Amino acid sequence: MAITASSRAPQDSGSSDSERSPFVRLNELLAPHQPGKPLITLAVGEPQHPVPDFVGPVLAKHIADFGRYPANKGTDPFRTAAGAWLSSRFKLPRPLDPESEILVLNGSREGLFLAAIAAARYVGPRPGKPAILMPNPFYPVYGAGARAAACEPVYLPTTVENGFLPDLDAIDEATLARTVAFYLASPANPQGSVAKPDYFRRLKQLADRYGFVILSDECYSEIYTREAPGSALECAGPDFTRVVAFQSLSKRSNLPGLRVGFAAGDKRFIGMFLELRNIAAPQVPVPLQHVATVAYGDEAHVEENRRLYRIKFDLADQIIGDRYGYRRPDAGFCVWLNTSALGDDVSITLKLFKEAGVRVVPGSYLARFQPDGFNPGAGFIRLALVQDGETTAQALHRLVETLG
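Each value, and the rule that gives it
Residues numbered from 1 in each chain as written. Predicted model: local features only at pLDDT ≥ 70, side-chain atom pairs only at ≥ 80, totals over all residues. Heavy atoms only, no water. UniProt positions renumbered as here; feature names shortened; annotations may be inferred. Axes fitted to C-alpha atoms, helices over the stretch in contact; angles between N-to-C directions. Helix = DSSP H or I, 4+ residues; strand = E, 2+ residues; numbered from the N terminus. Parallel < 35°, antiparallel > 145°, perpendicular 65-115°, else oblique. Left-handed = near helix turned anticlockwise from the far one by under 90°. Contact = heavy atoms within 4.5 Å. Phe/Tyr/Trp six-rings, centres within 6.5 Å; stacked < 30°, edge-to-face > 60°. Buried < 20%, exposed > 50% of the residue type's maximum accessible area, 1.4 Å probe, protein only. Lys NZ or Arg CZ within 6 Å of the ring centre and 35° of its normal.

- The name an unreviewed UniProt entry gives the protein chain is Aminotransferase, with Bradyrhizobium japonicum as the organism.
- UniProt annotates the protein chain under Cofactor (unreviewed entry) with the comment "pyridoxal 5'-phosphate".
- Its UniProt record, at the heading Sequence similarities (unreviewed entry), says of the protein chain: "Belongs to the class-I pyridoxal-phosphate-dependent aminotransferase family."

## Quick notes on the packing of helix α4 (residues 107–123) against helix α5 (residues 141–148)
When two helices pack together, you describe them by how their axes are tilted relative to each other and by the distance separating the axes.
Thought 1: One way to put it is that α4 packs onto α5 with a least axis distance of 7 Å and a crossing angle of 30°. Considered as vectors, α4 and α5 are oriented roughly parallel to each other. Relative to α5, α4 is oriented so that their crossing is right-handed. In contact with Arg 109, Leu 112, Phe 113, Ala 116 and Ile 117 of α4, α5 contributes Val 141, Tyr 142, Ala 144, Gly 145, Ala 146 and Ala 148.

## Looking at the packing of aromatic side chains
Thought 1: Here the structure, examined in full by the defined rule, presents 16 aromatic pairs.
Thought 2: Relative to Tyr 142, the ring of Phe 138 has its centre 6.3 Å away and its plane inclined at 20°; by these criteria the two rings are stacked. In this structure, Phe 138 and Tyr 142 share a single accessibility class: buried.
Thought 3: The interplanar angle of 20° and the centroid separation of 5.3 Å between the aromatic rings of Phe 138 and Tyr 155 together place this pair among those described as stacked. Of this pair, Phe 138 sits in the loop between β3 (131–136) and α5 while Tyr 155 sits in strand β4 (residues 152–157); the two residues are 17 residues apart in sequence, bridging distant segments of the chain. The burial state of Phe 138 is the same as that of Tyr 155; both residues are buried.
Thought 4: Members of the aromatic cluster, joined through ring pairs, are Phe 78, Trp 85, Phe 90, Phe 262 and Tyr 296.
Thought 5: Directly above the aromatic system of Tyr 122 lies the positively charged group of Arg 268, at a separation of 4.3 Å from the ring centroid.
Thought 6: Sitting over the face of the ring of Phe 273, Arg 277 holds its NZ or CZ atom 5.8 Å from the ring centroid.

Have a look at this one:
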């Protein structure tokens, strides 16, 4: 069925539960209750692996740099390191220019939010109400960015039938014609699906035809247990026109509190994005950029990170097995379980907390209702395998014992 202009979540004043943080809603759901066993939280995607050894010494060496305002575009060494990493990690049409095609961010979330506003300026007027397309379920900042840019969020359901990626052929021309930007998460959060080169190429063809920007969220690209995911930049053409990729050290390097990432791609977009950020975004402290420069030049800690996640997914394979529609994700560290046969996802979340002491996220909290009343996240729960192996195994055993 085609995704038309009306295929979006019902709009209201913006104060409904569906527009609030899923984690605030989860806190409110669980607040009246006590965990049945010592609490293990698998709800928040906050990596718990050790911080790399180089972080402390690099910060100490550059501590004096906290005494000056940073440039919003980022330091030359950081942008050079990010560009070199992209070239070594992905098969790009050409190396990106660190001066004009890479921009430092306060982590990918802040960048993804403001990118919607920059995209609206980049694209200009649309025929009808400007729209920003996004997968459903999705990272909540996409919807917040669309609303901040005065664009209509159009939610594209991602289900097992379409490989947990938006069905590009189901989007009607009228919607594409008024599209400002298309948020894509690959690897996807929460399902861990990965877009293949043909998918990226097809999306780029649509962006070129209709003039919108691809905002490719790739922050999970370095967490995989088999094949390394690709990037939208690989299929963006020699000038990376209308394609911008977002990266972060939160997952790759176990540095969620560092708040350093970058945007890379279309030179004209990056220039407009910098203009916006110069007046609207906090700069990234220089000492943190020094840490990030070293991080992007080191792969040993990243491979160790992947090894630890590989162990935990081996545990999930063994403990969960073929229950709840489990499949080992292509990438990322989340598990997306179909518990609909046992009850609704909110009730299952409560049951796991009250009886097993395991904290997870209801899938319906991560998605929006389609106009036909379908919520693509309903009946699912999300687990983030961020704890150590022993704790993860304990949580998974409790989950299986509780749910049967």
